[in-house]
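Residue-level structure breakdown
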Amino acid sequence: NAGVTQTPKFQVLKTGQSMTLQCAQDMNHNSMYWYRQDPGMGLRLIYYSASEGTTDKGEVPNGYNVSRLNKREFSLRLESAAPSQTSVYFCASSEDRETYKNIQYFGAGTRLSVL
Amino acid sequence: AQTVTQSQPEMSVQEAETVTLSCTYDTSESNYYLFWYKQPPSRQMILVIRQEAYKQQNATENRFSVNFQKAAKSFSLKISDSQLGDTAMYFCAFMNPSRDSSYKLIFGSGTRLLVRP
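Scope of this entry: the structure provided in the associated data block. In this text, all values refer to a predicted model and were calculated from it rather than measured experimentally.

Conventions adopted
- Residues numbered from 1 in each chain as written.
- Chains lettered and ligands numbered in written order.
- Predicted model: local features only at pLDDT ≥ 70, side-chain atom pairs only at ≥ 80, totals over all residues.
- Heavy atoms only, no water.
- Helix = DSSP H or I, 4+ residues; strand = E, 2+ residues; numbered from the N terminus.
- Rg over C-alpha atoms; globule rule 2.2 N^0.38 Å.
- Contact = heavy atoms within 4.5 Å.
- Buried < 20%, exposed > 50% of the residue type's maximum accessible area, 1.4 Å probe, protein only.
- Disulfide = S-S within 2.5 Å.
- Polar contact = N/O pair within 3.5 Å; in protein donor to acceptor, adjacent residues only side chain to side chain.

On to the overall build of chain A, then. For chain A, the helix and strand inventory stands at 0 helices and 11 strands. If you list the helices and strands of chain A from N to C, you get β-β-β-β-β-β-β-β-β-β-β. For a compact globule of 115 residues, the expected C-alpha radius of gyration is about 13 Å, and chain A comes in at 13 Å, within 12% of that figure. Considering only residue pairs separated by 6 or more positions, chain A has 55% of its internal contacts joining residues 24 or more positions apart.

All right, on to unusual backbone geometry then. The omega torsion of the bond from Thr-7 of chain A to Pro-8 of chain A falls at -5°, within 30 degrees of zero and hence cis. By the secondary structure assignment, Pro-8 of chain A is in the loop between strand 1 (4-7) and strand 2 (10-13). Backbone geometry at Asn-28 of chain A places phi at a positive 60°, although glycine is not the residue there. When you line up the elements, Asn-28 of chain A lands in the loop between strand 3 (19-25) and strand 4 (31-37). Located in the positive-phi region is Lys-73 of chain B, a residue other than glycine, with phi close to 55°. Counting through the fold element by element, Lys-73 of chain B comes out in the loop between strand 8 (64-69) and strand 9 (74-79). In this structure Lys-73 of chain B comes out as partly exposed when scored by relative accessible area, which is 27%.

Applying the stated criterion across every chain yields a total of 2 disulfides over all chains. Two residues, Cys-23 of chain A and Cys-91 of chain A, share a disulfide whose sulfurs are 1.9 Å apart. The sign of the -75° torsion about the S-S bond sets the Cys-23 of chain A-Cys-91 of chain A disulfide as left-handed. Here Cys-23 of chain A, found in strand 3, pairs with Cys-91 of chain A, found in strand 9 (residues 87-94); they are 68 residues apart in sequence, far enough to count as distant. When its relative accessible area of 0% is taken as the criterion, Cys-91 of chain A is described as buried. Here Cys-23 of chain B connects covalently by a disulfide to Cys-92 of chain B, the sulfurs 2.0 Å from one another. Judged by the sign of its S-S torsion, about -70°, the cystine formed by Cys-23 of chain B and Cys-92 of chain B is left-handed. Residue Cys-23 of chain B is located in the loop between strand 3 (19-21) and strand 4 (24-26), and its partner Cys-92 of chain B is located in strand 10 (residues 88-95); the two are separated by 69 residues in the primary sequence. Accessibility classification places Cys-23 of chain B together with Cys-92 of chain B in one group, the buried group.

Another aspect to go through is the side chain of Gln-51 of chain B. Residues and elements named next belong to chain B. Structurally, the position occupied by Gln-51 is in strand 6 (residues 46-52). In this structure the side chain of Gln-51 is engaged in a polar contact, spanning 3.0 Å, whose partner is the backbone oxygen of Gln-57. Among all residues touching Gln-51, those that are not within four sequence positions of it are Tyr-32, Tyr-33, Leu-34, Gln-57, Asn-58, Ala-59, Val-66, Phe-68 and Phe-75.

See below:
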């Protein structure tokens, strides 16, 4: 029972490089989310996808793009990485956004360092 | 804007004893959800417990229970019979399921809990 799978687990980039963080869930969930976690802080929402084919900005979207490839997969792209994007990135999914189906399940995170 | 505050950066407790982690939040909404998530050293975020604001009864899950005080906007987590495996970072989170909301989780800054043998 994999749940939410993120790849890679670790990544080091140089300033200006690009990369895509991958996320896949096998729970047939409709909604997916990308968060970042900085030291001493809770998670903050970058982008979310309420359903297949839709994406919306969260609290801190600048410098990122997302793609909801299909119901299972939701990727996060850094087009030109900056040191300020050094963080731990979490993907999450929920069956739906409403009522009792709104529990979000998280992946194990990707630790990204931008030098 | 909604905010979540966890005023205890670190706490420690002796194994088998009880500990309470504090959380307060600020919102003008009447319908919302509150969560406690646990983040062990593995970094995995694990749901501990969830509370619906419209429910008067405090949620419980085995050794974990909450004290939900809606008027005071307080949502504390009590861990009974603490175990070494409870050592982790604990995050309080708020969700407002309003029509225009992203249904995002708004997290506090966390409380690091150490269970001492």
